[in-house]
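Chain by chain, the residues run as shown.
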Amino acid sequence: MIDNFNYVNSISRTGNLYPPSIFVLRKMYNVPVQVSRHPGLNQYITDSLKSVAALLRRSSLRCVSLCFYNEDERPIERFVFDILEIQENFRTNYDFSDSYLPRLREGFRAFSLKVAAADMKALNDNCSFQIHISTTEQGSQALASDPGFEDFPWIELEDRDRDLSSPCLSPIRTIDSDFLKLQVYREMASR
């Protein structure tokens, strides 16, 4: 779970939405990453990722994305983690520190390097970001009825919140291991 937290932090830092002073440098897979020290931002990321983990255990997770919005609240850029395939035993017992997962760890390391080198234009002060979680109807119902998530603001996305204007797709990395196949890409709206 901590790896995912660091990825979200790295991407949110890349967009320059928050002052650099709230981030500290940490290492993940021997790659420097920026991690937030802001309690509100950290709580949002943690709560979102708890939902991701719950959906993963229920086999209901389709993809996770970090979407950046302009001052008009229109999506302008998105980093997408699209789950293509996942083994059942990985869903229930995933542990990214497992020494038997070198290909998976190497894929995440390569992804970290690409995020660190991402050429993302600085966003202005009126921009924002959201974590989007795509699930099945069954997964959505399960989370809605789970008391552990009753304080989390679940909102179904409207088309205007989802669709980028004339998007340009940029593949970042396909992570392919014996347990998980994950495609990570970036969508950018034409500006």
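Residues numbered from 1 in each chain as written. Predicted model: local features only at pLDDT ≥ 70, side-chain atom pairs only at ≥ 80, totals over all residues. Heavy atoms only, no water.

Caption draft 1: Inspection of the overall build of the protein at higher detail. Helix and strand content of the protein: six helices and seven strands. Listing the helices and strands of the protein from first to last along the sequence gives α-β-β-α-β-β-α-α-β-α-α-β-β. Burial status across the protein gives 47% buried among its 191 residues. Residue pairs in contact within the protein that sit at least 24 positions apart in sequence constitute 69% of those at least 6 positions apart. Counting every atom, the protein has about 10600 Å² of accessible surface; 47% of that belongs to carbon and sulfur. (Helix = DSSP H or I, 4+ residues; strand = E, 2+ residues; numbered from the N terminus. Buried < 20%, exposed > 50% of the residue type's maximum accessible area, 1.4 Å probe, protein only. Contact = heavy atoms within 4.5 Å. Areas by Shrake-Rupley, 256 points an atom, 1.4 Å probe, with all protein chains shown as cover.)

Caption draft 2: Quick peek at the packing of aromatic side chains. Under the defined criterion, the tally for this structure stands at three aromatic pairs. Grouped by ring-pair contacts, the aromatic residues Y44, F68, F79 and F129 constitute a single cluster. (Phe/Tyr/Trp six-rings, centres within 6.5 Å; stacked < 30°, edge-to-face > 60°.)

Caption draft 3: The arrangement of the side chain of S65 in detail. With respect to the helices and strands, S65 occurs in strand β3 (residues 61-69). Here S65 falls in the buried class, since its relative accessible area comes to 5%. Leave out the neighbours within four places in its chain, and S65 touches R78, F79, V80, Q130, I131 and H132.

Caption draft 4: The arrangement of unusual backbone geometry in detail. At E73, a residue that is not glycine, the phi angle is positive and equals roughly 60 degrees. Of note, E73 is situated in the loop between β3 and β4 (75-86).

Caption draft 5: Region of the structure containing helix α5 (residues 137-145). Turning to α5, its buried residues are G139, A142 and L143. Along the axis of α5, the buried positions cluster into a sector of 95 degrees, meaning they face one direction only. Relative to its buried face, α5 has exposed residues pointing more than 90 degrees away, namely E137, A144 and S145. Those residues of α5 hidden inside the fold are in contact with α2 (39-57) and β5 (128-135). (Arc of directions from axis to C-beta.)

Caption draft 6: Spatial organisation of the pairing of strand β7 (residues 180-188). In the sheet, β4 pairs with β7 via nine bridges, with the strands oriented antiparallel. When the bridges of β7 are listed, F81 appears paired with V184. Alignment of strand β6 (residues 168-176) against β7, held across eight bridges, turns out to be antiparallel. The partner of T174 across the bridge, within β7, is Q183. (Pairing = 2+ DSSP bridges.)

Caption draft 7: Region of interest: the environment of R58. Structurally, R58 is set in the loop between α2 and β3. Between the C-alpha atom of R58 and that of G139, which follows or precedes it by 81 residues, the distance is 7.1 Å. Among all residues touching R58, those that are not within four sequence positions of it are A142, L143 and D146.

Caption draft 8: Looking closely at the pairing of β4. Taking burial as the measure, the 12 residues of β4 include nine buried ones, the bulk of the element. Sheet topology note: the β3/β4 ladder contains seven bridges and is antiparallel. Each bridged residue has a counterpart across the sheet, and for S65 the counterpart in β4 is V80. Here β3 hands over to β4 after five residues, with E73 in that stretch at a positive phi of 60 degrees.

Caption draft 9: Up close: the sheet that holds β4. Ordered by their spatial adjacency, five strands build an open sheet running β5-β3-β4-β7-β6, and the pairing between neighbours is antiparallel. Each end of this open sheet is capped by a strand with a single partner; those strands are β5 and β6. In this sheet, adjacent strand axes meet at a mean angle of 15 degrees when their direction is disregarded. Bridging between β3 and β5 involves eight bridges; their strand directions are antiparallel. Residue pairing across strands places V64 opposite I133, the latter belonging to β5. Against the sheet, α2 makes contact with β3, β4 and β5, and its axis sits at roughly 10 degrees relative to β5, the strand it touches most. (Axes fitted to C-alpha atoms, helices over the stretch in contact; angles between N-to-C directions.)

None of the figures reported here should be taken as evidence of function without further support.
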